[in-house]
Amino acid sequence: MSVRTLPLLFLNLGGEMLYILDQRLRAQNIPGDKARKVLNDIISTMFNRKFMEELFKPQELYSKKALRTVYDRLAHASIMRLNQASMDKLYDLMTMAFKYQVLLCPRPKDVLLVTFNHLDAIKGFIQDSPAIQHQVEETFRQLTEVYGGLPAGEFQLIRQTLLIFFQDLHIRVSIFLKDKVQNSNGRFVLPVSGPVPWGTEVPGLIRMFNDKGKEVKKVEFKHGGHYVTAPKEGSFELYGDRVLKLGTNMYSMNRPVETHMSGASKSLASRTQESIAPNPLAKEELNFLARLMGGMEIKKPSGPEPGFRLNLFTTDEEEEQAALTRPEELSYEVINIQATQDQQRNEELARIMGEFEVTDQPRQSASKGDDLLAMMDEL
């Protein structure tokens, strides 16, 4: 497991979250000023300097629930509210999109280009906010400093760590199903065509050498694909052509997106449901959340601006039905961290959570479920 994986996981999932929210804000005809405020507030929180300092410290990945808690807070860093079913769907879309990108990276180092594609798009969301754009560019510089000189073996370890994190997630996404890049069981289809990794040759030739290193024989074989040489390497500079398209916004066209749990995923989830027995890593989990969320400075909105609810489903009825049919073990409504022997840290985390409260919204938004920020009160 690589201790350099967390920043890449967080930033890429965060980028996918912003793509989805931007698409839904436009689809629901949210006024432009409100939509910009939501994206600006979330991006400003996401790239907060203290938060990034904690994120970039070498550390192991923690559970999906711990990371999901951070995104719950992040999604509610502005005047927008999501109820439980929409938040579940948002997180499903985020994770499956990034899993697909990691699987298709031609070489392990290209996961950094995927991250840069996300950051490039995020900068496009905040063109009217130079201060927030500076935050994003600072994170870009941190990424270049930390990852620019890593050897290929370390990137391979990072990629393996990411794939281990995603290995049990097989949620079907309508866009992937329609494009025939995902099977009905939720597993992705790996292509046998397109450019090969930069610096490698198209398969189809075996060269044999003698003990002096001289080539003595060539044998051709049929590889069964349609491969071509990579035209050029993607740029790792602040501004440049990434060449790789993975990590760009697939929601730029207004396409409806649905998620479905496959039968295999449901049964797997039942088998892997977290035990109620005390977790030996509970203290580390709690420390992780306290550190990350302690750095996530969420600014309380100024003024009486009313909030609004965003629905990731086509209709309210679909959202309600999704909430009723989702397997209980996959619900993240309560993040249960067993840490009975570390009461002081538990109280400290509760205090930190209490500081995140955003000013109360009008009661009409509560008809679709209470503010998701309240879920942390049950820690």
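Definitions and limits used
Residues numbered from 1 in each chain as written. Predicted model: local features only at pLDDT ≥ 70, side-chain atom pairs only at ≥ 80, totals over all residues. Heavy atoms only, no water. Phe/Tyr/Trp six-rings, centres within 6.5 Å; stacked < 30°, edge-to-face > 60°. Helix = DSSP H or I, 4+ residues; strand = E, 2+ residues; numbered from the N terminus. Buried < 20%, exposed > 50% of the residue type's maximum accessible area, 1.4 Å probe, protein only. Core = buried A, V, L, I, M, F, W, Y, C linked by side-chain atoms within 4.5 Å. Contact = heavy atoms within 4.5 Å. Axes fitted to C-alpha atoms, helices over the stretch in contact; angles between N-to-C directions. Parallel < 35°, antiparallel > 145°, perpendicular 65-115°, else oblique. Left-handed = near helix turned anticlockwise from the far one by under 90°. Nonpolar A, V, L, I, M, F, W, Y, C, P; charged D, E, K, R; others polar.

1. Digging into the packing of aromatic side chains
Moving on, step 1. Inspection of every chain in the model, using the stated rule, returns eleven aromatic pairs.
Moving on, step 2. Taking the centre distance of 6.4 Å and the plane angle of 70° together, the rings of Tyr19 and Phe125 count as edge-to-face. Of the two residues, Tyr19 sits in helix H1 (residues 6–27) while Phe125 sits in helix H6 (residues 110–125), which places them 106 residues apart along the sequence. For the pair shown, Tyr19 and Phe125 are each scored as buried.
Moving on, step 3. Ring centres of Phe176 and Phe188 lie 5.3 Å apart, and the angle between their planes is 80°; this geometry places the pair in the edge-to-face category. Taken together, the residues span a long stretch of sequence, with Phe176 in helix H9 (residues 174–178) and Phe188 in the loop between H9 and strand E3 (193–195) at a distance of twelve residues. You'll find Phe176 and Phe188 in the same group, each marked buried.

2. Some remarks on the nonpolar core
Moving on, step 1. One finds Phe10 and Tyr71 to be the most contacted residues of the largest nonpolar core, which totals 77 residues.
Moving on, step 2. Among the elements that make up this core, the one with the highest residue count is H1 (twelve residues).
Moving on, step 3. Setting aside residues up to four positions removed in sequence, Tyr71 forms contacts with Leu9, Phe10, Leu13, Gly14, Met17, Met87, Tyr91 and Met94.

3. Overview of unusual backbone geometry
Moving on, step 1. Even without being glycine, Asn29 reaches a positive phi, approximately 55°.
Moving on, step 2. Looking at where Asn29 falls in the secondary structure, it is placed in the loop between H1 and helix H2 (32–46).
Moving on, step 3. Within the chain, Val243 stands out as a residue other than glycine whose phi angle is a positive 65°.
Moving on, step 4. Tracing the chain through its elements places Val243 in the loop between strand E6 (226–228) and strand E7 (259–261).

4. Brief notes about the packing of H1 against helix H5 (residues 84–104)
Moving on, step 1. Put simply, H1 and H5 touch, their axes get as near as 9 Å, and they point 125° apart. What the angle tells us is that H1 and H5 run oblique. Crossing geometry of H1 relative to H5 is assigned as right-handed. Each of Leu8, Leu9, Asn12, Leu13, Glu16, Met17, Ile20 and Leu21 in H1 lies in contact with H5, whose residues at this interface are Leu90, Leu93, Met94, Thr95, Ala97, Phe98 and Gln101.
Moving on, step 2. Residue classes in the contact of H1 with H5 are distributed as eleven nonpolar, three polar and one charged.

Everything listed here is a matter of coordinates, which is why it stays silent on function.
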